[in-house]
Amino acid sequence: MEYDLHRIEAYWQNQWKEKNIFSVQVDTSKPKFYCLEMFPYPSGNMHMGHVRNYSIGDAMARFQRLMGKNVLYPMGYDSFGMPAENAAKKEGGHPHNVTERNIAMIRTDQERMGYSYDWGRTFATSTPEYYRWNQEIFIRFYEAGLVERRFAPVNWCNDCDTVLANEQVKNNRCWRCGLEVVQKDMAQWFLSMTKYADELLDDLENINFPENVKAMQRNWIGRSNGAHINFPIVGEDIVIGAFTTRPDTIFGVTFVTLSPEHPLCEPLVSGTEYENDWRELRDECAKMSEFERINMLKEKKGVPLGKFAINPISGEQVPIYAGNFVVASYGTGAVMAVPGHDQRDYDFAKKYNLPIKPVLSRIDGEQAIEENPVLDSLAYMANSSRKEFDGLFGEDAKNAVIKALESENSGHGTVQYRLKDWLLSRQRFWGTPIPMLHCDDCGVVPVALQDLPVKLPLDVKFSWDESGNPLESSEKFLSTNCPKCGDVARRETDTMDTFYDSSWYFLRYGDSNNENQPFDREIVDYWMEGGIDLYIGGIEHAVMHLLYARFFTKATRDLGMNTTGEPFGQLVCQGMLNAPAPFCVECNTEYHIDNFEGTCPSCQSVLTTRQAKMSKSLGNTVSPGSMVDKYGADTVRLFILFGANPEAGMDWSDNAIVSNSRQMQSIIEAFETSNDFINSPNIIDDWILARMRLNHLKWKLAMENVSLREGVMISHFEMLSDWQWYRRRGGCDAKTAKSFFSNWIPMLAPATPHIAEEFWSKIGGKEMVSELVIHELDINEQDITHLAKENYLRKLIDSSRNVKGLAQRHSDTPISSCVIQTAASWKNILASEAINLSSNNFDFKKNGIDYLKSLDIFSEEKLRGEIFQTWQSLTIGNKKNRGKIYTWSQDDISLISSQFDETNLINNNAIFIANALSVDSVISYKVGDGEDVAGKARVASPLEPGIAFI
């Protein structure tokens, strides 16, 4: 068949669109299935990473429709962000125009792939119709006490000209542009995410996330149980509060360290000899980010502040230092230093000649001793100045110290978190305007709800000559009136972090055309019950988007907007799509593909090749558009889904996509040849229908488990292989073919929907496959025997081929016949009895010999040796299974249980076997019924015939 891929794919895509096939509404009579991929930033045409993500989602959406579910499968665009501003500067245009153009490009690509989205729900987050609800939800959060504006040191990217949240700083560099991040003090808007820290952490136990994602979120939230301890400063009416997770080491404190930017530092050193050293350290730290100070410090530095603090438990006075390794935003910005049991404190104490006092012992009752590396695990308290603590261990020791602190009003037990409030402010244009006003009389007030949306001006010009936020110079945007007093006010010029847009978009999809509210609660509760049933996206969003979305869903729940508190029922993180790139072993670095067969630009070593993530920077991307033009959308989809299971990495291969194209042509040919069949029943018909039913069950289980590679292997490879075997065995019955293809075609649809629709229409399907609901196929009781017999023949032919090769190498004359010698009848009976005994938990080791002696056949003395040998082969197996029945395949057991006649099976198929082996004839007989031509008169057990060629 000549497959006009462009005509067929375009035709069915148009049919889906005209008949609005994928549009859904709430339908409580059906189980719902909400399938969603993380929506894309529209930067232009799709890349292969997009194709992989969306092909996974579309296959699952189509499969669940076949299962009779009400499937919500929407698409939209995460269209705010810095790249659009940069593109506008480059073009001298406006981000709005850049974004709309890019959305049109990516949507065209998505439609060309045949993805089954409900396009009636689509939206872009950069439209006022969407970000108007961003602003209303922000105001509702503000009224609920979840929004705060405060000065704070922030991560600043000079290149992007904006603030970054901690989650957006990777190795002290901006997550988007890669430039090094600096610190800056600014007034910022925050969402009080820390109020949900415990719930965010505890609920991880109840959601279906990959374990590595859960681990990353647990680490990011970073809940630590410990104690807040107050250290009074000698001679001052001031107390230093320090948090520690190890109050059991309180007697080992030999100094207290403050962050250089701690508010107590300046008053402690002002006008003293220690002031200059402190200022130098503070200024040096101001040039580093939190990440760098926590993870990348080359040298731990500190300066004395000239004051002493009092250990509230021991009464000892210890010096106060400022240290570059202590960060103001972590804990209280102060650390009680225990160099005897903390390696960082130990190294610092050695450097500055500070005392080291071990107070924990590995063995109860023994003295604590100085060690390097230090003893930092739980141990027995020792060397305490208050002896009632000595001998206490672990949690008992911690609790005893906390109890003492609380009774003496010197501290208390508490919990600290690594998680910080969500820094929402961005000093850029292309984002949702924060709906707040600055009034000289009323202060900071929210915009009135009836005045929303606060729109971005479309007349702003962008160029590289101008930096900063254009909103700050747009009087048209800035000037307004205060909703409280009516006087002149100015709008907030900060815009929202774009992760805000993506933190609730999945809720909007449920009711995306609602013009009166973000979404209707009843509708969204229907779609979100149990969370999104399948959410697909990259692991790189584990502690940004996924954590923000979980927080947002809980916060909107508490506002009464929705019922569910967890947005995602099942998360699948798809693996990377890789392609070859030049690689330097010495530098451990990939380079642009222009460097293939060249030398390393850095060290001049000869470059090798390795697989690397497809990226524009390496130039190793493959255009989906060109592949679709050449091979068709179905072939590209098949290649993507067959290449690897969703979670696994996948390597691009030109040969593989060519192979998948040939596979598609073979499927088309199989279908076309069946059109000429007439009613011509054959014994092989039972086998092909049995295989169909078995494969259908296996395919359904694989797809339900999102094991798409296994599913596609069955639907596009094993089903075709079975059909080809059926044809080789003489199968050509029209009725059988109709039944087979009627069940095969829907299995093809999730991965290759266009060809499935074409086939379905040609066999007279009343509706489109996309509308079809399929049901369980009843397994015929005889299926397992049909399958077993055919499998026996296939294994027999494979074994015979191996023996034939050996015979040809040792024969001086041409091979003409195959002799197949099968087991005596009593061996089949014995095997059948062994299977029955095994199903009743018979103890073969203890009672097997007595059982053999009770058999009639055992009375024939000349056979006893062979009986014992056969019994042993049936029941012993290997040492691991000694005393149990030998582990056969289900096919073997089915054959033996049905007490089939091997000789008749072979004789009935002798011509086919002879043709398969390229010999003139096949001779078959049981042991004892013919001459021992096979040279294996004692066939050990059923299903292991003797084979010879003559």
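Residues numbered from 1 in each chain as written. Predicted model: local features only at pLDDT ≥ 70, side-chain atom pairs only at ≥ 80, totals over all residues. Heavy atoms only, no water.

Chemist: Sorry, what's going on with the overall build of the protein chain here?
Modeler: Across its full length, the protein chain carries 31 helices and 32 strands. By its C-alpha atoms, the protein chain is 115 × 75 × 65 Å across when sized along the principal axes. Sorting the 950 residues of the protein chain into buried and exposed places 54% on the buried side. Excluding contacts between residues fewer than 6 apart, the proportion of contacts in the protein chain whose partners are at least 24 apart in sequence is 73%. Carbon and sulfur atoms make up 47% of the accessible area of the protein chain, which amounts to about 41700 Å² in all. (Helix = DSSP H or I, 4+ residues; strand = E, 2+ residues; numbered from the N terminus. Buried < 20%, exposed > 50% of the residue type's maximum accessible area, 1.4 Å probe, protein only. Contact = heavy atoms within 4.5 Å. Areas by Shrake-Rupley, 256 points an atom, 1.4 Å probe, with all protein chains shown as cover.)

Chemist: What should I look at first to understand the sheet that holds strand 25 (residues 571–573) in this one?
Modeler: As summarised here, the arrangement of the 4 strands in space is 2-1-24-25, forming an open sheet in which the pairing is parallel. Edge positions in the sheet fall to strand 2 (70–72) and strand 25, since each has one partner strand and no second. The average undirected angle you get between the axes of adjacent strands in this sheet is 15°. Two elements, strand 1 (residues 32–37) and strand 2, share 3 bridges in a ladder whose sense is parallel. (Pairing = 2+ DSSP bridges. Axes fitted to C-alpha atoms, helices over the stretch in contact; angles between N-to-C directions.)

Chemist: Could you clarify how one ought to interpret the sheet that holds strand 17 (residues 422–423) in this entry?
Modeler: In any sheet, the strands associate via hydrogen bonds between backbone groups, in a parallel or an antiparallel arrangement. Taking strand neighbours across the sheet as the criterion, the 4 strands line up as 4-3-7-17 in an open arrangement whose pairing is antiparallel. Only two strands of the sheet have a single partner each, and these edge strands are strand 4 (162–164) and strand 17. Looking at chain direction, strand 3 (residues 147–157) and strand 4 are connected through 3 bridges and run antiparallel. When the sheet's bridge partners are listed, Cys157 is paired in strand 4 with Thr162.

Chemist: Mind showing me how you'd approach the pattern of salt bridges here?
Modeler: Opposite charge on two side chains permits them to pair, given that their charged atoms come into close proximity. The final tally for this structure, using the stated rule, is 50 salt bridges. Here Arg107 and Glu111 are joined by a salt bridge, their closest N and O atoms 3.1 Å apart. Here Arg107 pairs with Glu111, and both are found in helix 4 (residues 95–112), just 4 residues apart, close to one helical turn. Among the salt bridges present, the one from Arg386 reaches Glu388, with a minimum N-O distance of 3.3 Å. Shared partners join several salt bridges into a network, and the residues in it are Glu199, Asp203, Arg550, Lys554, Arg557, Asp558 and Glu566. (Salt bridge = Lys/Arg side-chain N within 4 Å of Asp/Glu carboxyl O.)

Chemist: Where do I start with the packing of aromatic side chains in this structure?
Modeler: Working definition: an aromatic ring pair is given by the centre-to-centre distance plus the angle between the planes. Within the structure shown, the criterion is met by 52 aromatic pairs. Between the aromatic rings of Phe39 and Tyr505, the centroid separation amounts to 3.7 Å while the plane-to-plane angle is 10°, which identifies the pairing as stacked. Pair noted here: Phe39 is in the loop between strand 1 and helix 2 (48–66) and Tyr505 is in helix 15 (residues 505–509), with a separation of 466 residues, a long-range link. According to the relative accessible area criterion, Phe39 is buried, its value standing at 8%. Judged by its relative accessible area of 0%, Tyr505 falls in the buried class. Within the aromatic cluster, the residues linked to one another by ring pairs are Phe39, Phe123, Tyr130, Phe209, Trp504, Tyr505, Phe506, Tyr509, Phe519, Tyr535 and Phe568. If you follow Arg418 out to its NZ or CZ, it ends over the ring of Trp220, 4.3 Å from the centre. Above the ring of Phe642, the side-chain terminus of Arg709 is found at 4.4 Å from the ring centroid. (Phe/Tyr/Trp six-rings, centres within 6.5 Å; stacked < 30°, edge-to-face > 60°. Lys NZ or Arg CZ within 6 Å of the ring centre and 35° of its normal.)

Chemist: Whenever I open this one, the nonpolar core confuses me. Can you help?
Modeler: Taken as a class, soluble globular proteins show a tendency for nonpolar side chains to be buried jointly. In this structure, Met48, Trp652 and Trp744 are the most contacted members of the largest nonpolar core, which totals 126 residues. Within the second largest apolar cluster, 62 residues are counted, among which are Trp133, Phe499, Val543 and Leu547. (Core = buried A, V, L, I, M, F, W, Y, C linked by side-chain atoms within 4.5 Å.)

Chemist: It is not clear to me how the side chain of His50 should be interpreted in this structure. Could you clarify?
Modeler: Considering the arrangement of structural elements, one finds His50 in helix 2. Owing to a relative accessible area of 11%, His50 belongs among the buried residues under this scheme. Once residues within four sequence positions are removed from consideration, His50 is found in contact with Pro40 and Ile106.

Chemist: Can you help me understand the state of the cysteines in this one?
Modeler: Formally, a disulfide is one covalent bond, and it connects the sulfur atom of one cysteine to the sulfur atom of another. By the definition in use, this model includes 0 disulfides. No disulfide involves Cys600; its nearest neighbouring cysteine sulfur is the one of Cys584, lying 3.6 Å away. (Disulfide = S-S within 2.5 Å.)

Chemist: I would appreciate a short explanation of the confidence of the model for the protein chain in the present structure.
Modeler: Predicted coordinates in areas of low pLDDT are best not read in detail. When pLDDT is averaged along the protein chain, the result is 90; 96% of the residues meet or exceed 70. The model gives residues 877–885 a pLDDT under 50, and that stretch makes 18 contacts with residues more than four places away or in other chains. (pLDDT = per-residue confidence, 0-100.)

Chemist: Honestly, helix 27 (residues 844–853) in this entry has me stumped. Any pointers?
Modeler: Residues spaced three or four apart along an α-helix face the same direction, because each turn holds 3.6 residues. Along helix 27, the residues that are buried comprise Phe844, Gly848, Tyr851 and Leu852. Within helix 27, the buried residues cover an arc of 95° as seen down the axis, which keeps them to one side. Residues Lys846, Asp850 and Lys853 are exposed on helix 27 and point more than 90 degrees away from its buried face. As for helix 27, its buried residues are in contact with helix 26 (825–839) and helix 28 (864–875). (Arc of directions from axis to C-beta.)

Chemist: Would you mind showing me how to read unusual backbone geometry here?
Modeler: Residues other than glycine predominantly adopt negative phi, and peptide bonds predominantly adopt the trans conformation. Here the residue pair Asn372 and Pro373 is connected by a cis peptide bond, since its omega of 5° sits within 30 degrees of zero. Inspection of the secondary structure puts Pro373 in the loop between strand 14 (360–361) and strand 15 (380–381). In this chain, Leu452 is followed by Pro453 through a cis amide linkage whose omega measures 5°. For Pro453, the location among the structural elements is in the loop between strand 20 (443–446) and helix 13 (475–478). Here Asn588, not a glycine, exhibits a phi torsion of approximately 55°, which is positive. Note on placement: Asn588 falls in the loop between strand 26 (577–584) and strand 27 (589–590). Residues other than glycine seldom take positive phi values, yet Ser918 does so here, at roughly 60°.

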